[in-house]
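Breakdown of the fold
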There are 4 protein chains.
Amino acid sequence: MNDEKIRVAVVGASGYTGQELLRLLAMHPCVEVVSVTSRQEAGKPLVDLFPRLKGATAFSDLHFMAPDVDAIAATGATFAFLALPHGLASEYAEPLLERGLKIIDLSADFRLRDPAVFEEFYGGAHPAPQLLARAVYGLPEFYADEIIAADLVASPGCYPTSILTPLVPLLEAKLVDPGSIVVSSLSGASGAGKKADTSLLFAEVNESIRAYGAPKHRHLSEVEQELSVAAGETVTISFVPHLMPITAGIATTIFCDVPGDLGRVSGAVSTALASKYANRPFIRVLGEGQFADTKNVVRTNFVDIGWVVDHRTGRLILSSAEDNLGKGAASQSIQSLNLMNGLPETCGLLNF
Amino acid sequence: MNDEKIRVAVVGASGYTGQELLRLLAMHPCVEVVSVTSRQEAGKPLVDLFPRLKGATAFSDLHFMAPDVDAIAATGATFAFLALPHGLASEYAEPLLERGLKIIDLSADFRLRDPAVFEEFYGGAHPAPQLLARAVYGLPEFYADEIIAADLVASPGCYPTSILTPLVPLLEAKLVDPGSIVVSSLSGASGAGKKADTSLLFAEVNESIRAYGAPKHRHLSEVEQELSVAAGETVTISFVPHLMPITAGIATTIFCDVPGDLGRVSGAVSTALASKYANRPFIRVLGEGQFADTKNVVRTNFVDIGWVVDHRTGRLILSSAEDNLGKGAASQSIQSLNLMNGLPETCGLLNF
Amino acid sequence: MNDEKIRVAVVGASGYTGQELLRLLAMHPCVEVVSVTSRQEAGKPLVDLFPRLKGATAFSDLHFMAPDVDAIAATGATFAFLALPHGLASEYAEPLLERGLKIIDLSADFRLRDPAVFEEFYGGAHPAPQLLARAVYGLPEFYADEIIAADLVASPGCYPTSILTPLVPLLEAKLVDPGSIVVSSLSGASGAGKKADTSLLFAEVNESIRAYGAPKHRHLSEVEQELSVAAGETVTISFVPHLMPITAGIATTIFCDVPGDLGRVSGAVSTALASKYANRPFIRVLGEGQFADTKNVVRTNFVDIGWVVDHRTGRLILSSAEDNLGKGAASQSIQSLNLMNGLPETCGLLNF
Amino acid sequence: MNDEKIRVAVVGASGYTGQELLRLLAMHPCVEVVSVTSRQEAGKPLVDLFPRLKGATAFSDLHFMAPDVDAIAATGATFAFLALPHGLASEYAEPLLERGLKIIDLSADFRLRDPAVFEEFYGGAHPAPQLLARAVYGLPEFYADEIIAADLVASPGCYPTSILTPLVPLLEAKLVDPGSIVVSSLSGASGAGKKADTSLLFAEVNESIRAYGAPKHRHLSEVEQELSVAAGETVTISFVPHLMPITAGIATTIFCDVPGDLGRVSGAVSTALASKYANRPFIRVLGEGQFADTKNVVRTNFVDIGWVVDHRTGRLILSSAEDNLGKGAASQSIQSLNLMNGLPETCGLLNF
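What counts, and where the lines are drawn
Residues numbered from 1 in each chain as written. Chains lettered and ligands numbered in written order. Predicted model: local features only at pLDDT ≥ 70, side-chain atom pairs only at ≥ 80, totals over all residues. Heavy atoms only, no water. Helix = DSSP H or I, 4+ residues; strand = E, 2+ residues; numbered from the N terminus. Rg over C-alpha atoms; globule rule 2.2 N^0.38 Å. Buried < 20%, exposed > 50% of the residue type's maximum accessible area, 1.4 Å probe, protein only. Contact = heavy atoms within 4.5 Å. Areas by Shrake-Rupley, 256 points an atom, 1.4 Å probe, with all protein chains shown as cover. Lys, Arg positive; Asp, Glu negative; His and termini not counted. Charge placed at Lys NZ, Arg CZ, Asp CG, Glu CD. Polar contact = N/O pair within 3.5 Å; in protein donor to acceptor, adjacent residues only side chain to side chain. Least-squares fit on C-alpha atoms with pLDDT ≥ 70 in both. Buried area = accessible area lost by both parts, 1.4 Å probe. Nonpolar A, V, L, I, M, F, W, Y, C, P; charged D, E, K, R; others polar. Salt bridge = Lys/Arg side-chain N within 4 Å of Asp/Glu carboxyl O. Expected span 1.5 Å × (residues − 1).

1. Describing the overall build of chain A
For chain A, the count of helices and strands is eleven helices and 14 strands. For chain A, the C-alpha radius of gyration of 20 Å lies close to 20 Å, the compact-globule estimate for 352 residues. A principal-axis box enclosing the C-alpha atoms of chain A has dimensions of 60 × 45 × 40 Å. Here chain A holds 352 residues, and the buried ones make up 64% of them. Put simply, of all contacts in chain A between residues at least 6 apart along the chain, 70% involve residues at least 24 apart. Accessible area for chain A stands at about 11,100 Å²; split by element, carbon and sulfur atoms hold 50% of it. Charge-centre separation for chain A: the mean point of 27 positive side chains lies 4 Å from the mean point of 39 negative side chains.

2. Brief notes about the side chain of Ser-180 of chain B
Within the secondary structure, Ser-180 of chain B sits in the loop between α7 (158-172) and β8 (182-188). Reaching out from Ser-180 of chain B, the side chain makes a polar contact with the backbone oxygen of Asp-177 of chain B at a distance of 2.7 Å.

3. A word on the relation of the copies chain C and chain A
Between chain C and chain A, which share one sequence, the superposing operator has a rotation angle of 180 degrees and an axial displacement of 0.0 Å; the RMSD is 0.0 Å. On the angle and the small slide along the axis, the relation comes out as a two-fold axis. It is Glu-207 of chain C whose C-alpha, among those of chain C, lies nearest the rotation axis, at 4.4 Å. In this assembly, 100% of the residues forming the interface of chain C have copies in chain A that are likewise at the interface, indicating an isologous arrangement.

4. A look at the interface of chain C and chain A
Tallying the contact residues gives 24 residues for chain C and 24 residues for chain A. Together, the buried faces of chain C and chain A total about 2,000 Å²; carbon and sulfur atoms form 49% of this surface. Sorting the residues of chain C by area buried against chain A places Arg-52, Lys-54 and Phe-352 of chain C first, and these three jointly supply 44% of that buried surface. Scanning the region where chain C abuts chain A turns up twelve residue pairs in polar contact (both at pLDDT 80 or more). Every element with two or more residues in the side of chain C that touches chain A is listed here: α1 (16-26) and β12 (283-288) of chain C. The element best represented in the side of chain C that touches chain A is β12 of chain C, accounting for three residues. In terms of residue class, the side of chain C that touches chain A is made up of twelve nonpolar, five polar and seven charged.

5. Notes on the interface of chain A and chain B
Often, the extent of an interface is quoted as the loss of accessible area upon association of its parts. Listed as interface residues are 47 residues of chain A and, on the opposing side, 47 residues of chain B. Its largest share of buried area at the contact with chain B, chain A owes to Glu-207, Ile-209 and Arg-312 of chain A, together 19% of the area lost on that side. Our count for the contact surface shared by chain A and chain B stands at six salt bridges. The shortest N-O distance in the salt bridge between Glu-224 of chain B and Arg-312 of chain A comes to 2.3 Å.

6. Digging into helix α9 (residues 220-231) of chain A
Residues and elements named next belong to chain A. For α9, built from twelve residues, the straight-helix expectation of 16 Å at 1.5 Å per residue is met to within 8% by its first-to-last C-alpha distance of 16 Å. Buried within α9 are the following residues: Leu-220, Ser-221, Glu-222, Val-223, Glu-224, Gln-225, Glu-226, Leu-227, Ser-228, Ala-230 and Ala-231. Buried residues along α9 sit against α5 (115-122), β6 (136-137), α6 (140-149), α7 (158-172) and β10 (238-244). Following α9 by one or two positions, Gly-232 has its phi on the positive side, about 75 degrees.

In structure tokens form, the structure reads like this:
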């Protein structure tokens, strides 16, 4: 049985995304984790760093190894998740591809089609522009066919997933004015990563609510790229992320002008979402008058979407929620893995 | 000395606003609390309900009494804070005014000049329209002179204070497009009141982030009333409040179009705020590139204001923070009390 | 396939235990939930109350029904979980047993062998003493054989599970002085239930740490019953529970005198635990010098156990952690369901 | 007026204790802060690091300076608070004393009378044993007379204050068995300091409850020293601290055997506490059947104390609560400052 399992490596496994990936892979019926790497934890048993995973028998003998591409390939892995900082992911993607592994990258390195945009938002030249054309944006609800055929998937950022899933179908249906979009997103603290930074200490984040990173957060680059594809024109939006005293979860509220008949917009929104997400099990359309709550989606691969029409101002207000480490990172990347292996995309991911 | 203190009653003292009022009044050098009322707690020692106040010697013999206007007047109170639900406050305001007390009302009953707007937003006819002309909107940074002369002050709502303080000076200075305003506010759970409602239980609110109350939250009525005064035209805005897993604090993020020269807007914003709030000790202008954090204002009477200019979209993004129970309710109402008594408005309120 | 699934009813499904049961049963490969009851929610779709479960296709048509025993039996359920208040559970257990269902009761009604002890700790005569001899205490690590054969299982309380799992093996091995046991337990707020009680509001529980319920918490009765069985003598302990600002989880710290050679006690503890819990997949013995963290066990069926020897005072200090709604309630009761149906006890419960 | 204020330096002002000291001193009517030091923040405006203090006019020009003893003395400070790590405090205490300043040290360096005990618990030889005899243990409820006369005050640790205040009067009155004492303490995360340590990140501490540091936490040394003084014999106790997901506050639960008549112990406890703490405004004796809640004491200098008698086991269970940064550190040290300057000990500290 084990021989038929997909052999995967998790490169850069010591952070929050790596931890969530491993937690989910521990319960995945068709995956065997054969390699976990971490420069600083090399040699340590996996469960020492992640005591939550104690009792996962498949992991009981797994140790962190140094992130050497030959060593990773030698473990027999055929897929590698890269949970590395942007810039660093590129260094591993190319040699691992050369060694025949397929790559699902959770960094920003391969999400942008235009290396100039990468340079504008991330600073410095793109480290591997030759790979960009080969990469697929790993949002399965939009690019399932491309993901199935890909060997390099760029799994989307956490904020982008929560913004794109409600907006793309409405832009495609020409229901909202692309120039009017304003987004306020609220993210749990794990989104900032497992960094030894005093501004992320419990005593700093607890009982604190604050905006940050505006007006030009890096995730804007991929959001606007995908919104522009959907709208068929260049879309520029305003976006303010906020840091929340919760461990995981993103709630996003989107305001946009509705050019058409206000009385019909709610029905049209409902139709556009239902049509786009028919047979997409991980998008839960809550309906008009409903607001999405992070509490209902954390530790799942769901995005919840609701909306209200603000008749007084002629705006549509959208509300979405997801787990920043789940659909915003780890579980979404496993959804791609499932597609790339001919499995149902829900395999191992129908958690509640 | 005690004879010279201001004798105040707190009517409806058992909720979160009442509790915060009493906490602040316990430390106020010029106030004596002579009467605290609560229908359901009548007869009970104050410190039994608010054990935090044990040790406040002035409160050691204070008991809740039933909210009878003659009994309140008999305690010698010359000022009454009304911390009652909307609709109920009106029932106490008039008879207490008749008995010679001055009123600082923390409900919504006297904030709106137009009873038709009250009816639209709160449902049902206004309970005491004859008093509306007598009432002053108790935002001291805007109406200090009127508050000084008033005998009926309508202390503003929590969301309105956080929205009006950054926006009013900019509308007065014609810096922003009044039709473009979009507001996302994030409030601590105490803002929902001390209600036995399962949706407010710890296990419901903790680890949860969600919007609610849009698109027509009641506070919009007073926000738009005051924004319209500032703009000299009718202003309608979009507003989405969110419930946060913190006890107290509101962070507000405001998006608005800037009609003029983007390169000059930040300087103009800075000038407008500095000019409006010169000598207003409770508004802390943080400056461009700064985001306000609820952590820095809870248990104070401060509003912190920062902003960024979004050059990509031509929008100004404002950020404010306050304590919903402080500057958003209790301490702001004491600020009015100070003004009405010829005290420095900071008296008893310069807390950090 | 569905025909072979175990058909279960969840009686009293609207509280936190019911919600966790349903969350877990939604992912259980061998269970079909055929009936969920709630007096106050009767008629409502299940997912309206538990939006987290939206997307669980097996639940999409499930509605709450009134808790009528004939109606429950008519759904074809062969097992019923009772997630009801103590006293009320008895009223359902007997008629459901008569109709041929097997019962797993999560209340306190059938945990005590002696109805006089029930009366002492819970007040009032036991409502169904004739059933006590038929009931099995549903702690599978101690009573697996009895559970397999039972038709009435009394699933243990949350605090008891966290106290008994570390202590019972040591009392059986005569390693600790039964008269010296002192227990400090720390529980998440969900342990208090989904009650409309202002003392459980977010703004009350957040940023608050406090003891409660000592010195004679109701759970002491079953704890002392089982400790006495293990020790072979009557055991009386001191126990102080504390309310914590977390949603779920219990951490328990136990102090006890060690009569024997201090130098050997750690090894003996290790041996006793390893021997008792060999082949018991849900007890994770962390070892000496380790403290259990609720973070590692919430949403699982694990109990983590660590200890230190306090050589200065001659005491052993034990540390355990579990999920109060998981191993302390819902998942433990499913563990019994598995045993009663000849399934591996881990079926549907190996979550991380 | 300013000339008559006490001129104080805060040495090591960038951590949580320093921040709380400065917050309280900003509101103290008789203190002028003339110097704040921080090696890493030298040159930076104070309010840049502590934006909460913006608006404290006395602080508006204050900048961090490097911790040079001559520079500190040159600011005219006559008192210095040392908020430094243990070991480092000694390096500043002696030269500052030589320059005529009086010292209130918040580290552990001068709390222990016996340098051998320091060496046992803190590792390494005591850095300034010659000063130990000169130092006074700064718990004003026990040592007010000595503090008044002192020039070197060792302000107690956070856990010790919460343990000593309930226990010392009972040991003095011979009400409890000194050999039976078991303590479980629960502390907010600020107690761990403002350290760039991933184990203290929000995402690690939130939704986590765990013991740590047992069985030989450093604070045991001063606790046992003072308990032994009170008991008139050597006292050794068991102590387990726990890390809590709250910013500030310590709740302590103490179990001890009562040798005498159980029926009389509660009255005797009440008498002993009332007698010891008559005229001690910061100890609030809540009475029998009451449990102390951190929520009621954070940001104050109060210790709340309650108790129950466990008649079933013959034990007394004490409950105390304090703010670890307040009475457990900063405000308690200001209480000593008040005493050393002939001020009422409540000066600037009667906060609610």
